[in-house]
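Secondary and tertiary structure notes
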Amino acid sequence: MHIQVLYLCKSASHCKEHVILNTECYGLCFLSPFHPSLFPTMGDFENESIVSNSSGAPSSALCHRDTTVTHLVFPALYTLIFLLGLILNSLALGAFCHIPSTSTFIVYLKNILVSDLIMTLMIPLKILTDSGLGPWQLKAFVCRFSAVVFYDTMYISIVLLGLIAFDRFLKIVRPFGKFWVQNLTSAKILTGLVWLFFFVLSLPNMIFSNKKATPQSVKKCALLKNYFGLKWHEAVNYVCQFIFWTVLILMLLFYIIIAKKVYESYMKTQKKENKSERRIKGKVFIIFTVFFVCFAPFHFSRVPYTLSQTTTRIDCHLQNQLFVAKESTLWLAATNVCMDPLIYVCLCKPFVEKVLCRRVKTFQKTVHTNPKTELDTQMSPTES
Ligand SMILES: Nc1ncnc2c1ncn2[C@@H]1O[C@H](COP(=O)(O)OP(=O)(O)O)[C@@H](O)[C@H]1O
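Read on for a plain summary of the structure. Please read these numbers as outputs of a predicted model, since none were measured by experiment.

1. A word on the state of the cysteines
Summed over all chains, the structure comprises two disulfides. Each sulfur of the disulfide joining C63 and C316 lies 2.1 Å from the other. Between C63 and C316 the disulfide shows an S-S torsion of about 80°. By sign, it is right-handed. With C63 in the loop between strand 4 (51-52) and helix 1 (68-96) and C316 in helix 8 (residues 316-334), this residue pair connects regions lying 253 residues apart in the sequence. Across this residue pair, the class does not change: C63 and C316 are buried. A sulfur-sulfur distance of 2.1 Å marks the disulfide that ties C143 to C221. An S-S torsion of about -75° defines the bridge between C143 and C221 as left-handed. Residue C143 is located in helix 3 (residues 136-173), and its partner C221 is located in the loop between helix 4 (184-207) and helix 5 (227-268); the two are separated by 78 residues in the primary sequence.

Structure (structure tokens):
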């Protein structure tokens, strides 16, 4: 795959035709789209009219990335998520450290928590590079390492949320039966495999981002990738799309069946079943809502953006619009680190008991040292 470019040829072997202008040899060259000699002079080639992309090579190398929006707005928005995510997930970590992994549900929640914490820790690097506060070398590190980890943790959370939905589905549909997936050891092995799968899948995204980084090339992570790296990046994105939409469709099916069950049980036991019991079942829908709101927009915008990064010749203005769409929806996906603690509070009884227990203990200490203090916070009863 080669692109044709009017270029000051450095090697006669690249030249097909050449003209002498001002004693320099200008040739119509056939270079690999990632030929290193293109990048130092990339700024000179923003005018796409000199480029003929005859075989579907990325035209993104020649399109200047417009970062006016992402430069200011997104660092501020990500700072918000980072602070909130760090506080909520640290609190959750404190509570979960004292909760033994006695059910598959708790195993999945603990893994989501670890994944969210890792994602949260990757955010400051993104803030520094997007805002331009960090050196350009940091952006190369983000492209090669932290952005990959960020995406990895996002997909690990997606699969784990799917497993939670499946777990809830089995609990409600077959409350007395036990499948092998409901076994604690199976859940631990399954989560281990999920981590391993995404680690192996994304490793080439780190390894093959091995082109020499320059202040220009780091602006787009795709420009750091060699040919194989770019193809792998594209393939990973399609695999991840497939995973997301499969999990979403399965979740929808689970919840339709759960909704049917909830409705049937409501009709049968209107008088017997108390309000809080009905709420327990109703609350499982929170997982689907969080899942859909956070991740669906990103997956709609990711396909055209990946195409703009790889093979399709897309107008520069459109490429920039797709980049802004991808960044906005990625921010929404990142808000998941703040939403997951909602799931812990709404659905995990031991979690709320631990949090409340700690609050009561702190309160008792305060009352002990200052007997005039009054309990002014209403603590609501919890359900599992
Ligand atoms: N789903 C994914 N899983 C793992 N790594 C990914 C995924 N999507 C993108 N990446 C990697 O993350 C880095 C940043 O990708 P991307 O956000 O597409 O670039 P840019 O910041 O230039 O828009 C790249 O190294 C890319 O290969």
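2. Considering helix 4
Given a rise of 1.5 Å per residue, 24 residues ought to cover 34 Å, and the 35 Å separating the end C-alpha atoms of helix 4 matches this to within 8%. Approximately 30° is the largest bend angle found in helix 4, and it occurs at L201, with the proline P204 only one to four residues beyond. All buried positions along helix 4 are accounted for by S186, A187, T191, V194, F198, L201, S202, P204, N205 and M206. Of the surrounding secondary structure, the elements contacted by the buried residues of helix 4 are helix 2 (104-131), helix 3 and helix 5. Sitting at the amino-terminal end of helix 4 is N183, which places a side-chain oxygen 2.8 Å from the backbone nitrogen of T185.

3. Here's the deal with the site of the ligand
With respect to spatial proximity, 20 residues lie near the ligand, and among them C143, Y151, R302, Y305 and K326 are the closest. R65 is positioned such that a nitrogen or oxygen atom in its side chain is 3.2 Å from an oxygen atom of the ligand. Within the side chain of R302, one N or O atom sits 2.7 Å away from an oxygen atom of the ligand. Out of a free accessible area of 560 Å², the ligand has 97% covered by protein chains.

4. Let's talk about the pattern of salt bridges
Applying the stated rule across the entire model yields five salt bridges. Note that E327 and K126 form a salt bridge whose closest N and O atoms lie 2.8 Å from each other. Taken together, the residues span a long stretch of sequence, with E327 in helix 8 and K126 in helix 2 at a distance of 201 residues. Since its relative accessible area comes to 3%, E327 is described here as buried. On the accessibility criterion, K126 (13% relative accessible area) is buried. With its nearest N and O atoms 3.6 Å apart, the salt bridge here joins R168 to D167.

5. Side note on the packing of aromatic side chains
Applying the stated rule across the entire model yields 18 aromatic pairs. When the ring of F291 is compared with that of F295, the centres are 5.6 Å apart and the planes differ by 70°; the resulting orientation is edge-to-face. Of this pair, F291 and F295 both sit in helix 7 (residues 285-309), four residues apart, which is roughly one turn of the helix. In this pair, the class of F291 matches that of F295, namely buried.

Rules and cut-offs
- Residues numbered from 1 in each chain as written.
- Predicted model: local features only at pLDDT ≥ 70, side-chain atom pairs only at ≥ 80, totals over all residues.
- Heavy atoms only, no water.
- Disulfide = S-S within 2.5 Å.
- Helix = DSSP H or I, 4+ residues; strand = E, 2+ residues; numbered from the N terminus.
- Buried < 20%, exposed > 50% of the residue type's maximum accessible area, 1.4 Å probe, protein only.
- Expected span 1.5 Å × (residues − 1).
- Bend = angle between axes of the 7 residues up to and from the residue.
- Contact = heavy atoms within 4.5 Å.
- Polar contact = N/O pair within 3.5 Å; in protein donor to acceptor, adjacent residues only side chain to side chain.
- Near = heavy atom within 4 Å.
- Areas by Shrake-Rupley, 256 points an atom, 1.4 Å probe, with all protein chains shown as cover.
- Salt bridge = Lys/Arg side-chain N within 4 Å of Asp/Glu carboxyl O.
- Phe/Tyr/Trp six-rings, centres within 6.5 Å; stacked < 30°, edge-to-face > 60°.

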